[in-house]
Amino acid sequence: MKIYYKLSDFQHNGNSIVTTGTFDGVHLGHQLIIKKLKEKARELNGETVLLTFWPHPRLIISPHDNNLKLLTTIDEKLEILGSLGIDHMVVLPFTREFSELSSDKYIDEILVKGLGTKAMVIGYDHRFGKNREGGIDYLKKHSDRYKIEVTEISRQEIENITISSTKIRKAVLEGNIKIANELLGRPYSFSGHIIKGRQLGRTIGFPTANVALQKNYKLIPKNGVYITKVHLRNKTFGGIMNIGNRPTVDGIGTSMEVHIFEFSDDIYGENLKVEVLEFVRNEQKFDNIKELIAQIEIDCEQALKYLNEKN
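Trainee: Can you help me understand the overall build of the chain in this one?
Mentor: From N to C terminus, the chain includes 12 helices and 14 strands. Principal-axis analysis of the C-alpha atoms gives the chain an extent of 75 × 40 × 35 Å. Looking at the chain as a whole, 49% of its 311 residues qualify as buried. Total accessible area computed for the chain in this model is approximately 15900 Å², and 47% of it derives from carbon and sulfur atoms. Looking at charge distribution, the chain has the averaged site of its 43 positive side-chain charges lying 2 Å from that of its 40 negative ones.

Trainee: Explain the pairing of strand β10 (residues 209-213) to me, please; I cannot follow it from the model alone.
Mentor: In summary, the side chains of a regular strand alternate between the two faces of the sheet. Note: strand β9 (residues 188-195) against β10, 4 bridges, orientation antiparallel. Looking at β10, one finds that G192 is bridged to L213. Of the strand pairs in this sheet, β10 and strand β13 (residues 255-260) are connected by 2 bridges, and their pairing is antiparallel. For N210, the partnering residue across the bridge sits in β13 and is E257.

Trainee: In this structure, what is going on with the sheet that holds strand β1 (residues 2-4)? I would like to understand it.
Mentor: Pairing is parallel in the open sheet, where 6 strands are placed in the order β1-β4-β3-β2-β5-β8. The open sheet has two edge strands with one neighbour each: β1 and β8 (149-153). Looking at each pair of strands side by side, their axes are set apart by 25° on average, direction ignored. Here strand β2 (residues 16-20) pairs with strand β5 (residues 117-123) via 3 bridges, running parallel. Across the sheet, residue I17 finds its bridge partner in β5, namely A119.

Trainee: Please clarify how the packing of helix α9 (residues 165-173) against helix α10 (residues 177-184) should be interpreted in this entry.
Mentor: Helix packing for two helices is described by the angle between their axes and how far apart those axes are. Their axes nearest at 7 Å, the elements α9 and α10 cross at an angle of 150°. Accordingly, the angle class assigned to the pair α9 and α10 is roughly antiparallel. In the crossing of α9 with α10, the sense of the turn from one axis to the other is left-handed. On the side of α9, the interface is formed by K167, I168, A171 and V172, while α10 contributes I177, I179, A180, L183 and L184. Looking at the contact of α9 with α10, its residues break down into 8 nonpolar, no polar and 1 charged.

Trainee: How do you make sense of the sheet that holds strand β11 (residues 224-232) when you look at a structure like this?
Mentor: Within a sheet, neighbouring strands are paired by backbone hydrogen bonds and run either parallel or antiparallel to one another. Sheet architecture is closed into a barrel: 6 strands sit in the order β9-β10-β13-β12-β11-β14, paired in antiparallel fashion. Adjacent strand axes in the sheet meet at a mean angle of 45° when their direction is disregarded.

Trainee: Mind showing me how you'd approach the side chain of E76 here?
Mentor: Along the chain, E76 falls in helix α3 (residues 74-82). Non-local contacts of E76, meaning those with residues more than four positions away in its chain, are made with L71, S189, F190, S191 and K218.

Trainee: I'm lost on the pairing of β11 in this one. Help?
Mentor: With respect to burial, β11 is a largely interior element, 7 of its 9 residues being buried. Examined bridge by bridge, β11 and strand β12 (residues 235-244) share 9 bridges and lie antiparallel to one another. Within β12, the residue paired with L232 across the bridge is K235. Linking β11 back to β12 in an antiparallel pair, the connection comprises 2 residues, with R233 at a positive phi of about 55°.

Trainee: How do you make sense of the pattern of salt bridges when you look at a structure like this?
Mentor: Pairing of side chains with opposite charge becomes possible as their charged atoms draw close. Scanning the model with the defined rule gives 11 salt bridges in all. One salt bridge in this structure joins D24 and R169, with 2.8 Å as the shortest N-O distance. Linking D24 in the loop between β2 and α1 (28-44) with R169 in helix α9, this pair joins segments that are 145 residues apart in sequence. The salt bridge partner of E76 is K218, with a shortest N-O separation of 2.8 Å. Of this pair, E76 sits in helix α3 while K218 sits in the loop between β10 and β11, and the two are 142 residues apart along the sequence. Just as E76 is buried, K218 falls in that class too. Connected through salt bridges with shared partners, the residues K40, E43 and E149 form a single ionic network.

Conventions used here
- Residues numbered from 1 in each chain as written.
- Predicted model: local features only at pLDDT ≥ 70, side-chain atom pairs only at ≥ 80, totals over all residues.
- Heavy atoms only, no water.
- Helix = DSSP H or I, 4+ residues; strand = E, 2+ residues; numbered from the N terminus.
- Buried < 20%, exposed > 50% of the residue type's maximum accessible area, 1.4 Å probe, protein only.
- Areas by Shrake-Rupley, 256 points an atom, 1.4 Å probe, with all protein chains shown as cover.
- Lys, Arg positive; Asp, Glu negative; His and termini not counted.
- Charge placed at Lys NZ, Arg CZ, Asp CG, Glu CD.
- Pairing = 2+ DSSP bridges.
- Axes fitted to C-alpha atoms, helices over the stretch in contact; angles between N-to-C directions.
- Parallel < 35°, antiparallel > 145°, perpendicular 65-115°, else oblique.
- Left-handed = near helix turned anticlockwise from the far one by under 90°.
- Contact = heavy atoms within 4.5 Å.
- Nonpolar A, V, L, I, M, F, W, Y, C, P; charged D, E, K, R; others polar.
- Salt bridge = Lys/Arg side-chain N within 4 Å of Asp/Glu carboxyl O.

The structure is reproduced here in structure tokens:
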């Protein structure tokens, strides 16, 4: 997959089969659209082009709204999309000026002149242009004028698998990781930098990697204990993760700590990727450290059993 960050860098031959959207999470609904895109490209002997935008439009339209958390960072999104067999990815900067483009200018300047669009594959509810005034009906109405064939992904097709990024975000926030992973078609994951914590885990026999997220807009699952897979140094390990404020120890601040099974190296300053597989329990406060250790042992046994069964 070739990636372009300027429209002028994309040299087309007028044979682009295009889909467009923010594609946060690249969930099963998005994957359905991409499947249709590839089918249409084969039918028309064209090349697949996915047009997306960064920053996320809501980060520009509502810059002071700190409630927006995304399922994927831009790097994660590009990595996932790249694995789906798309020919070209065009990432345009979303600005206030861009948001003011009329529907006609968007079609003429971006789709026709910029991308050389021969056909589009888009969801039934796709909107574009200033105040989201354009949509699939507008494209169909003016298809002869712009010479763009439009393939609609119907409401029924998408709702048959009842997918939406909003539904997945809600599941992650509520700790319903099993549901989130089913809708994503893969485990929810995040990447981060390993920082020094208070190293209390080492003193009780369960050393942990304290993970600082790479991006502050990345959605964090609700506080609790989770079974995980950890990708580190080109290897994959099982693990158990706690998200929360460690109420038994100090109850200060929120941290993400991962105990990696069969691993004890010093990894401060390194990066890792965590796949969240299963919710185990809510975070809780114990009367003493001895009770905490006993519960961690139970959590680890449950995680190892789960991982062994999945493997």
